[in-house]
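Coordinate inspection notes
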Amino acid sequence: MNSLTLICAPVMADTVQQMVTLMIKSKECGADLVEIRLDHLKLFNPLQDVPFIINNSPLPTLFTYRPKWEGGEYEGDEGKRLDVLRLAMERGADYIDVELQVADEFINSITGKKPENCKIIVSSHNYQSTPSVEDLGNLAVRIQSTGADIVKIATTAVDVTDVARMFHITASSQVPVIGLVMGERGLISRILGSKFGGYLTFGTIEPGKVSAPGQPTIKDLLDLYNFRHIRPDTKVFGIIGKPVGHSKSPLLYNQSFKSVGFNGVFVPFLVDNVRNFFETYSSTDFAGFSCTIPHKEAALQCCDEVDPVAKSIGAVNCLIKRPNDGKLLGYNTDYIGAITAIENGLTGTNFTDVRSGSPLAGKIFVVIGAGGAGKALAYGAREKGARVVIANRTYDRARELANVVGGDAISLSELESFHPEDSMILANTTAIGMHPKVDETPVPKHALKHYSLVFDAVYTPKITRLLREAEEAGAIIVNGLEMFIGQAYEQYERFTGLPAPKELFRKILGEH
Ligand code: NAP
């Protein structure tokens, strides 16, 4: 299936021979066209090299000869630079990029001479910020007035909400627009072009070999984000967090969406302020969100309705935009994932029949941590009839949570000598032991013999030091991946209304 937005591979090299190699690779990777960045060439003989590049390109060509004053590498004579672009046009380039500042002059000079199948892209770059919608609109009109075939506006994302203004421009324009927002916070502008009417996006052959900040690889566009399947009616889902780049959720949900032909795309949203985020992306095009550190508690405050369980926990990790009225509904699937995994661990099965009562009933359940995951575990354990004890670095937070769930609070230092009985359950919900600090552990090994089951919410690494030592001490261990998988099943079902492809989830996470 052809996507509506083209993928263009920027080709930057010292020599034309290297460029040809990269152009061939671009085609192999799945690009639709190549951008020849002439300003990166160290040795360049225009009369010989321009036709050579065009004749040897396996893909349509876009010629760019970017000067220093617009963020490129070229520092020479302007007249000569524009002569080279005219040469490329005459010799069969499919697209020529001209900076707005010189566009009137350039387009005047080619009046009546432009080959029919060559398109002129007039571009403007802002490396500091993204202007208001009004200013962007005026800029697009100004670019169009030069006689451009295609408008290109590249700005910089200071906040993820900046991208919404660019989507507004690409979606409402009557002429083709390349509207991209540079930087990590602008990534969605590069993925969602086909949904919001962007003409072209840039994808690199290799990670990091970018011509502008924030460009994804072609492989990620195609394989991770199912780029060729995105259409104007595709629903957007995503994970809200800071940081968010490490998240496996886009991979998990996009592969699962694809496996059943669900018309959705799942993207990372690097969010600084959740309220601004929800106010900006308020349309039902943005249909559902996973929420992670540090926003789970603030996100709850943004919901129109909150599931009672999530409200008691005080945190949401799953938000759905109700299709009929656009109201934002908040849920907490963390506790279901974790508690189910622990119950299954205790019963030694993949399914615990709740009708026969929870194996957690009556047990002492020690939760380390009182943040989002800690609250989820404490509330879930209480629901199952366990006697909950909270141990937290900040004792007051432990006390507060213990009061809410009707349990006890202890300080982190008391944990080592805490053993009112044997066969207790221990759940670490702090980041202690998480990569890269894999040698850390919240409880010394000798204290673990009092627990029949130890759970760790951390899942990088899968087996933490805590779990390794707990197993050596004779406890059943349950890792954070089981919690992650369990909460993801729940979220998937809420996002799509379809049963989660459980085998596929395990396969994808096992492979990564
Ligand atoms: P959070 O809301 O920020 O809470 C963090 C908790 O950890 C707080 O109680 C904090 O204590 C404590 N803490 C942090 N650093 C500590 C340290 N160095 N020493 C002692 N205590 C420390 O975070 P969260 O959302 O609950 O997530 C916590 C962990 O659970 C993360 O590692 C996350 O990756 C993991 N998690 C896993 C899953 C899964 O599916 N497996 C799901 C959610 C979360 P203070 O109150 O004293 O600050």
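Structure shown above.
What this report covers is the structure whose coordinates are included nearby.

Cut-off values and rules
Residues numbered from 1 in each chain as written. Predicted model: local features only at pLDDT ≥ 70, side-chain atom pairs only at ≥ 80, totals over all residues. Heavy atoms only, no water. Core = buried A, V, L, I, M, F, W, Y, C linked by side-chain atoms within 4.5 Å. Buried < 20%, exposed > 50% of the residue type's maximum accessible area, 1.4 Å probe, protein only. Contact = heavy atoms within 4.5 Å. Helix = DSSP H or I, 4+ residues; strand = E, 2+ residues; numbered from the N terminus. Pairing = 2+ DSSP bridges. Right-handed = clockwise from strand over helix to strand, strands pointing away. Axes fitted to C-alpha atoms, helices over the stretch in contact; angles between N-to-C directions. Polar contact = N/O pair within 3.5 Å; in protein donor to acceptor, adjacent residues only side chain to side chain. Expected span 1.5 Å × (residues − 1). Parallel < 35°, antiparallel > 145°, perpendicular 65-115°, else oblique. Left-handed = near helix turned anticlockwise from the far one by under 90°. Nonpolar A, V, L, I, M, F, W, Y, C, P; charged D, E, K, R; others polar. Salt bridge = Lys/Arg side-chain N within 4 Å of Asp/Glu carboxyl O.

So, on to the nonpolar core. Ranked by size, the top nonpolar core spans 112 residues in total, and within it Phe63, Ile96, Phe269 and Phe278 carry the most contacts. Residues within four places of Phe269 in sequence aside, it is in contact with Val160, Ile188, Val236, Phe237, Gly238, Ile239, Ile240, Gly241, Val244, Phe277, Phe286 and Phe289. With 26 residues, the next largest nonpolar core counts Ala370, Leu377, Ala378 and Leu453 among its residues.

Cis geometry is found at the peptide bond from Lys242 to Pro243, where omega equals 5°. Tracing the sequence through the fold places Pro243 in the loop between strand E9 (235–241) and helix H9 (249–260). Of note, the bond from Thr460 into Pro461 is cis; its omega dihedral lies within 30 degrees of zero at 5°. In this structure, Pro461 sits in the loop between strand E19 (451–456) and helix H16 (465–472). Of note, Ser423 is a non-glycine position whose phi angle comes to about 65°, a positive value. Residue classification places Ser423 among the partly exposed residues on the basis of a relative accessible area of 37%.

Counted residue by residue, strand E5 (residues 119–125) has 6 buried out of 7 residues, so it is predominantly covered. Bridge count between E5 and strand E6 (residues 150–156): 5 bridges; the pairing is parallel. Its bridge partner being in E6, Val122 is matched across the sheet by Val151. Between E5 and its parallel partner E6, the chain crosses via helix H5 (residues 133–144), and the hand of that crossover is right-handed.

What follows deals with the sheet that holds strand E2 (residues 33–37). Across the sheet, 8 strands lie side by side as E7-E6-E5-E4-E3-E2-E1-E8; this open sheet has parallel pairing. The two strands at the open ends of the sheet, each matched to only one other strand, are strand E7 (177–182) and strand E8 (200–202). For this sheet the average axis-to-axis angle between neighbouring strands, irrespective of direction, equals 25°. Sheet contacts for helix H4 (residues 100–109): strand E4 (95–99) and E5; angle to E4, the most-contacted strand, approximately 120°.

Before going further, it helps to spend a moment on the side chain of Thr146. Assignment of secondary structure puts Thr146 in the loop between H5 and E6. Reaching out from Thr146, the side chain makes a polar contact with the backbone oxygen of Ile143 at a distance of 2.5 Å. A distance of 3.3 Å separates a polar side-chain atom of Thr146 from the backbone nitrogen of Ala148.

Strand order in the open sheet formed by 6 strands is E17-E16-E15-E18-E19-E20, with parallel pairing between adjacent strands. One side of each edge strand has no neighbouring strand; the edge strands of this open sheet are strand E17 (408–411) and strand E20 (476–478). Direction aside, neighbouring strands of the sheet carry axes that sit 20° apart on average. Sheet analysis places strand E15 (residues 364–368) next to strand E16 (residues 387–392), joined by 5 bridges and oriented parallel. Looking across to E16, one finds that Phe365 is bridged to Val388. Sitting on the sheet, H16 touches strand E18 (424–428), E19 and E20, and the angle it makes with E19 is about 165°.

Over its 13 residues, helix H3 (residues 78–90) runs 19 Å from end to end, which matches the ideal 18 Å to within 8%, given 1.5 Å per residue. Turning to H3, its buried residues number three or more, namely Arg81, Leu82, Val84, Leu85, Arg86, Leu87, Ala88 and Met89. Against helix H2 (46–56), strand E3 (61–64), E4 and H4 lie the buried residues of H3. A distance of 3.1 Å separates the backbone nitrogen of Gly79 from a side-chain oxygen at the start of H3, and that oxygen is part of Asp77. The positive-phi residue at the C-terminal boundary of H3 is Gly92, with phi of around 115°.

This part covers the packing of H2 against H3. Viewed as axis vectors pointing N to C, H2 and H3 meet at an angle of 40°, and their least axial separation amounts to 10 Å. In terms of orientation, H2 and H3 fall into the oblique class. Considering the relative orientation of H2 and H3, their crossing is right-handed. Contacts between H2 and H3 pair Pro46, Leu47, Val50 and Ile54 from the former with Val84, Leu87 and Ala88 from the latter. The residue inventory of the contact of H2 with H3, partitioned by class, reads 7 nonpolar, no polar and no charged.

Attention now moves to the environment of Met23. Its place among the elements puts Met23 in helix H1 (residues 16–29). Residue Met23 is classed as buried on the basis of its relative accessible area of 0%. Placed 33 residues apart in sequence, Met23 and Asn56 show a C-alpha to C-alpha distance of 8.6 Å. If we skip the residues at most four places from it in the chain, Met23 touches Val11, Val34, Ile36, Ile53, Asn56, Ser57, Pro58 and Leu59.

This paragraph deals with the pattern of salt bridges. Applying the stated rule across the entire model yields 30 salt bridges. A salt bridge links Asp32 to Arg228, with the shortest nitrogen-to-oxygen separation between them at 3.0 Å. Residue Asp32 is found in the loop between H1 and E2, and its partner Arg228 is found in the loop between helix H8 (218–224) and E9; the two are separated by 196 residues along the sequence. Per residue, the accessibility class of Asp32 equals that of Arg228, and both read buried. When the shortest N-O distance is used, the salt bridge between Arg37 and Asp39 registers 2.9 Å. Owing to a relative accessible area of 5%, Arg37 belongs among the buried residues under this scheme. Beyond isolated ion pairs, a larger network of salt bridges with shared partners links Arg66, Glu78, Arg81, Asp97 and Glu99.

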